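Architecture at a glance
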Amino acid sequence: MEAGTVDARTPLTAVTGVGSRAVERLGHLGIRTAGDLVRHLPMRHERRLAERTIAETIAATTEDTVNVRLRGEVARVRTRPGPRALIEATLDDGTATARLVWFNAPWMRGKIHPGERGVAEGRARMRQGYLEIGNARWTQEARAGEVAAGVDDLRPIYPASEEIGSAEIEMVVARVLEGVCAGMEDPLPESYRRERDLMPLAAAWRAMHRPADAEELARARRRLAFDELLLLQLGVMMRRAQLRSRTRAVPLPVDAAIDAHIRSRIPFRLTSEQDRVVAEIAADLGQAHAMNRLLQGDVGSGKTAVAAYAMLLAVAHGHQAALVAPTEILAEQHHRVLARMLEGSEVSLRLLTGSTPESDRAACVAGLARGSIHLVVGTHALLEGGVAFRSLAVAVVDEQHRFGVRQRAAIRQKGQGETPLIPHTLVMTATPIPRTLAITLYGDLDLSTLRGKPPGRKPAVTRVVDPGKAPEVYSYLRSRLNRGEQAYVVVPAVEESETGLKDVTSHVRFLSEGPFKGLTIASVHGRMDREEREAQMERFRGGGASVLVATTVIEVGVDVPNATLMVVEHAERFGLAQLHQLRGRIGRGEGASLCVFIGEAATPDATERLAAIASSDNGFDIAESDLRLRGPGEVFGARQSGLAPFRVADLSTDADLLRLARADAQGWIDRDPDLRAAESALLRRKLMALHGQALGLADVG
Ligand code: ADP
Ligand code: MG
């Protein structure tokens, strides 16, 4: 088959000049058709190196590695088979010789022969008096011309495997690229492309593989990144439009009497920030379509009271509300806070978690179905199939970063008991999301941000110290504990193990026999049963214990205002967001708080994390650093969101492009909410194929 008759669907087996071994090896990379191969984009492009003679190169090279490109004739090839397989070739260009060495490189077997001429490229250094290139890219002279055709000086470097190298992939790409690109239809109308200065789709794909120059490559990237961003934005906006037009919710209007009544239940006066956010939420709740809102606010910013307002509004209208938390400890705490607010009222409140005894659980499930229970707090146990509501009007998901899109969808379904209504949903997170990400990952949500903290808070003083300083830290803490303050001590492990990490059990023993002798120490961890855990938390909360030794189960939400001290052992093992969350447990009362991270920065990443946590206590700054250190997928559960990942777009650098895509997507959906216009047909098909399922888009085309 000639290049001209290849299209995206052509299997590689049907492409002339591609051997069955290459087909098999590409298959292991998930590449089966010509289209798959074209979508296998280079990771980067390398500038072709100027050639120098081997003698010149030797003169310029030391023991440090340098990039080289050498042309010559293969004088000798020696192979050593077996588990430590080795192929060694000597390259001679008449001025001197160089040694080419491949370790464990089965794809090189039979690829280099004595007497043939070619070009070796790679990283070289002087070793035992020889110029040596390890795992060189070898191109026979006969083929070197073929590969270079049409390319100025940028060479694609492909994600390769043990079996097939980048140069070989490049050669196969050369056989299919034209055919695949020629058959591409551009989903963006030409006039639109012109206006936005976007190059045609086929040209962009061609240039991604074989750019004429760096500028063309940049333009190609921009086009493909734009398409990815546009498709996702169209998807989330289409979903939002569909949720609005096709889902009905109970409107929950607020009047002065209801507002005053709800506020009388909240034990403090809301801050102006809380008032602002409550107003945004109340405006949504008054509508007959479901609210779908993300509330972000740093740890300790006071999100719970805002959630309570929304839930009590549902109850005031005779409907039900649910609050879902990611851990039992947090669910228990929310339950206690709400129970205190509702003391002496008619509102019936229950807690439902994995630890709820079967008989209580059955009673709770029945009460929710009947409507005799108005408010429920729980963990994912609430999302299970058996739980149904008579009339769920408000669902709150706390600490959203622990949940994926799917759980959000699960709670939304819970409203569909007797009435075909779906609940208003409020998701809350203390991991502030940089705006670029928020509108990408949660683009179907409206966003509220709670800034600042309730009055009277002093930020915690943070120190990072190495383990040698631990005795001093504990003895200083002791002096403050003697004055009636309380401390959290966080360790990474539950029980003693071979890892040598500090664990709850031994650390309690160590502290009670050593630095904290005579003080009362409570402890909690994830493997404790509920009663024991509640008893321990209660001892600490009530002041019966001055120290709480814990694993990271206390990371989210635990609120004990009198606790002013925290020590985190092995701090280098925790993620940045996690350290910030942990520190958020203190600095909640009036007293001056101190947080000490004991850690040994063994890696550059750990060093950066500890430096970042020490230098800022602002959740937004921390989130930006986290994004930089870990990348967006890791940070915000993009992976578990089920959305197709970007191949080209990069949120940390494409913010401008994202803004453009978002504005255009908005305009598009406003004009044509289901993309039914003829000129949108192709775009719509692509959108459905890529995101239709993950976003639950109804295909009404
Ligand atoms: P988060 O946003 O981390 O969930 P919380 O809702 O737990 O924060 O609030 C943190 C602390 O601040 C709690 O002890 C809460 O009672 C208190 N708080 C919240 N709002 C106010 C307010 N307006 N005035 C006084 N204290 C408040
Ligand atoms: Mg909270």
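On a predicted model such as this, the values are computed, not experimentally measured, just so you know. (Residues numbered from 1 in each chain as written. Chains lettered and ligands numbered in written order. Predicted model: local features only at pLDDT ≥ 70, side-chain atom pairs only at ≥ 80, totals over all residues. Heavy atoms only, no water.)

Take the environment of Glu-485 next. By the secondary structure assignment, Glu-485 is in the loop between α16 (470-481) and β16 (486-490). Glu-485 sits 79 residues away from Thr-564 along the chain, and the two C-alpha atoms are 6.4 Å apart. With residues near it in sequence (within four places) discarded, Glu-485 still touches Arg-480, Ser-546, Thr-564, Leu-565 and Ala-592. One polar contact links Glu-485 to Arg-480, side chain to side chain, over a distance of 2.9 Å. A polar contact is formed between the side chain of Glu-485 and the side chain of Thr-564, at a distance of 2.6 Å. (Helix = DSSP H or I, 4+ residues; strand = E, 2+ residues; numbered from the N terminus. Contact = heavy atoms within 4.5 Å. Polar contact = N/O pair within 3.5 Å; in protein donor to acceptor, adjacent residues only side chain to side chain.)

An ideal rise of 1.5 Å per residue puts 24 Å on 17 residues; helix α5 (residues 166-182) measures up with 24 Å between its terminal C-alpha atoms. For α5, the principal kink sits at Val-176 and spans about 45°. Across the 17 residues of α5, 13 count as buried, placing the element largely inside the fold. (Expected span 1.5 Å × (residues − 1). Bend = angle between axes of the 7 residues up to and from the residue. Buried < 20%, exposed > 50% of the residue type's maximum accessible area, 1.4 Å probe, protein only.)

In space, the five strands of this closed barrel follow the order β2-β3-β4-β6-β5, with mixed pairing throughout. Neighbour-to-neighbour, the strand axes of this sheet turn through a mean angle of 50°, independent of strand direction. Strand direction decides the pairing type here: strand β3 (residues 86-92) and strand β4 (residues 97-103), joined by seven bridges, are antiparallel. By the bridge assignment, Glu-88 is partnered in β4 with Val-101. (Pairing = 2+ DSSP bridges. Axes fitted to C-alpha atoms, helices over the stretch in contact; angles between N-to-C directions.)

According to the stated counting rule, one finds four aromatic pairs in the structure shown. Between the aromatic rings of Tyr-474 and Phe-510, the centroid separation amounts to 6.3 Å while the plane-to-plane angle is 75°, which identifies the pairing as edge-to-face. Of this pair, Tyr-474 sits in helix α16 while Phe-510 sits in helix α17 (residues 504-513), and the two are 36 residues apart along the sequence. Under the relative-accessibility criterion, Phe-510 is labelled partly exposed at 40%. These aromatic residues form a ring-pair network of at least three members: Tyr-474, Phe-510 and Phe-516. Seen from the ring of Tyr-130, Arg-99 lies directly overhead, with NZ or CZ sitting 4.6 Å from the centre. (Phe/Tyr/Trp six-rings, centres within 6.5 Å; stacked < 30°, edge-to-face > 60°. Lys NZ or Arg CZ within 6 Å of the ring centre and 35° of its normal.)

All right, on to unusual backbone geometry then. Although it is not a glycine, Gln-128 adopts a positive phi angle of roughly 45°. Looking at where Gln-128 falls in the secondary structure, it is placed in the loop between β5 (117-127) and β6 (130-140). Judged by relative accessible area, which is 61%, Gln-128 ranks as exposed. The backbone of Asn-135 sits at a positive phi, close to 45°, despite the residue not being glycine. Positionally, Asn-135 belongs in strand β6. Residue Asn-135 is classed as partly exposed on the basis of its relative accessible area of 45%.

Attention now goes to the side chain of Gln-486. Of note, Gln-486 is situated in strand β16. Residue Gln-486 is classed as buried on the basis of its relative accessible area, which comes to 2%. In terms of polar contacts, Gln-486 uses its side chain to reach the backbone carbonyl oxygen of Phe-540, at 2.7 Å. A polar side-chain atom of Gln-486 sits 2.8 Å from the main-chain carbonyl oxygen of Ala-545.

Further remarks concern the sheet that holds strand β8 (residues 292-297). On the basis of which strands lie adjacent, the open sheet formed by seven strands has the order β10-β11-β9-β12-β13-β8-β14 and parallel pairing. The open sheet has two free edges, formed respectively by β10 (349-352) and β14 (446-450), since each of these has just one partner strand. Across the sheet, the axes of successive neighbouring strands diverge by a mean angle of 20°, strand direction being ignored. By the bridge criterion, four bridges tie strand β9 (residues 320-324) to strand β11 (residues 375-378) in an arrangement that is parallel. When the sheet's bridge partners are listed, Ala-321 is paired in β11 with Leu-375. Where helix α11 (residues 303-316) meets the sheet, its contacts fall on β8, β9, β11, β12 (392-397), β13 (424-429) and β14, and the angle it forms with β12 comes to roughly 170°.

Of all residues adjacent to ligand 1, which total 16 residues, the nearest are Gln-274, Gly-300, Lys-303, Thr-304 and Asp-559. With respect to ligand 1, the side chain of Asp-559 contributes an N or O atom lying 2.6 Å from an oxygen atom. Starting from 570 Å² of accessible surface for ligand 1 in isolation, the protein chains cover 84%. Within the shell around ligand 1, the residues separate by chemical class into four nonpolar, six polar and six charged. (Near = heavy atom within 4 Å. Areas by Shrake-Rupley, 256 points an atom, 1.4 Å probe, with all protein chains shown as cover. Nonpolar A, V, L, I, M, F, W, Y, C, P; charged D, E, K, R; others polar.)

Residues at a pLDDT of 70 or more form 90% of the chain, whose mean pLDDT is 86. In the model, residues 145-152 has pLDDT below 50 throughout and makes 14 contacts with residues more than four positions away in sequence or in other chains. (pLDDT = per-residue confidence, 0-100.)

Now for the packing of helix α8 (residues 214-246) against helix α24 (residues 681-692). Between α8 and α24, the shortest axis-to-axis distance is 10 Å and the interhelical angle comes to 80°. Here α8 lies roughly perpendicular to α24, going by the angle between them. Where α8 approaches α24, its residues Leu-231, Leu-232, Leu-234, Gly-235 and Met-238 are matched on the opposing element by Leu-683, Arg-684, Lys-686, Leu-687, Met-688, Leu-690 and His-691. When the residues that make up the contact of α8 with α24 are grouped by side-chain class, the tally is eight nonpolar, two polar and two charged. (Parallel < 35°, antiparallel > 145°, perpendicular 65-115°, else oblique.)

The next point concerns the pattern of salt bridges. Under the counting rule described, the total for this entry stands at 35 salt bridges. Residue Arg-533 pairs with Glu-332 through a salt bridge whose shortest N-O separation is 2.8 Å. Taken together, the positions of Arg-533 in helix α18 (residues 530-541) and Glu-332 in helix α12 (residues 328-341) put the pair 201 residues apart, joining distant regions of the chain. For the pair shown, Arg-533 and Glu-332 are each scored as buried. (Salt bridge = Lys/Arg side-chain N within 4 Å of Asp/Glu carboxyl O.)

The pairing of strand β2 (residues 66-80) with β5 spans eight bridges and is classified as antiparallel. Bridge pairing in β5 places Val-68 opposite Gly-122. Relative to β6, β5 runs antiparallel, the two being bridged by nine bridges. Looking at the pairing, Arg-125 lines up with Glu-132 of β6. Linking two consecutive strands that pair antiparallel, namely β5 and β6, is a turn of two residues; a positive phi of about 45° is found at Gln-128 within it.

What follows deals with α11. In a regular helix each residue adds 1.5 Å, so 14 residues correspond to 20 Å; α11 covers 20 Å between its end C-alpha atoms and thus fits that length. A large share of α11 lies buried, amounting to 12 of its 14 residues. Residues of α11 that are buried: Lys-303, Ala-305, Val-306, Ala-307, Ala-308, Tyr-309, Ala-310, Met-311, Leu-312, Leu-313, Ala-314 and Val-315. Phi turns positive one or two residues past the end of α11, at Gly-318, with a value near 85°.

For the rest of this paragraph, the subject is the packing of α8 against helix α23 (residues 655-671). Each pair of packed helices can be summarised by the angle the axes make with each other and by the distance between the axes. Following both chains from N to C, one finds α8 and α23 inclined at 45°, their axes separated by 8 Å at the closest point. In this view, α8 runs oblique relative to α23, as classed from their interaxial angle. Considering only the axes of α8 and α23, their crossing is right-handed. Note on element contacts: α23 touches α8 through Leu-657, Leu-658, Leu-660, Ala-661, Arg-662, Asp-664, Ala-665, Gln-666, Trp-668 and Ile-669, opposite Arg-222, Ala-225, Phe-226, Leu-229, Leu-230, Gln-233, Leu-234, Met-237, Met-238 and Ala-241. Each residue belonging to the contact of α8 with α23 can be placed in one class, and the counts come to 15 nonpolar, two polar and three charged. (Left-handed = near helix turned anticlockwise from the far one by under 90°.)

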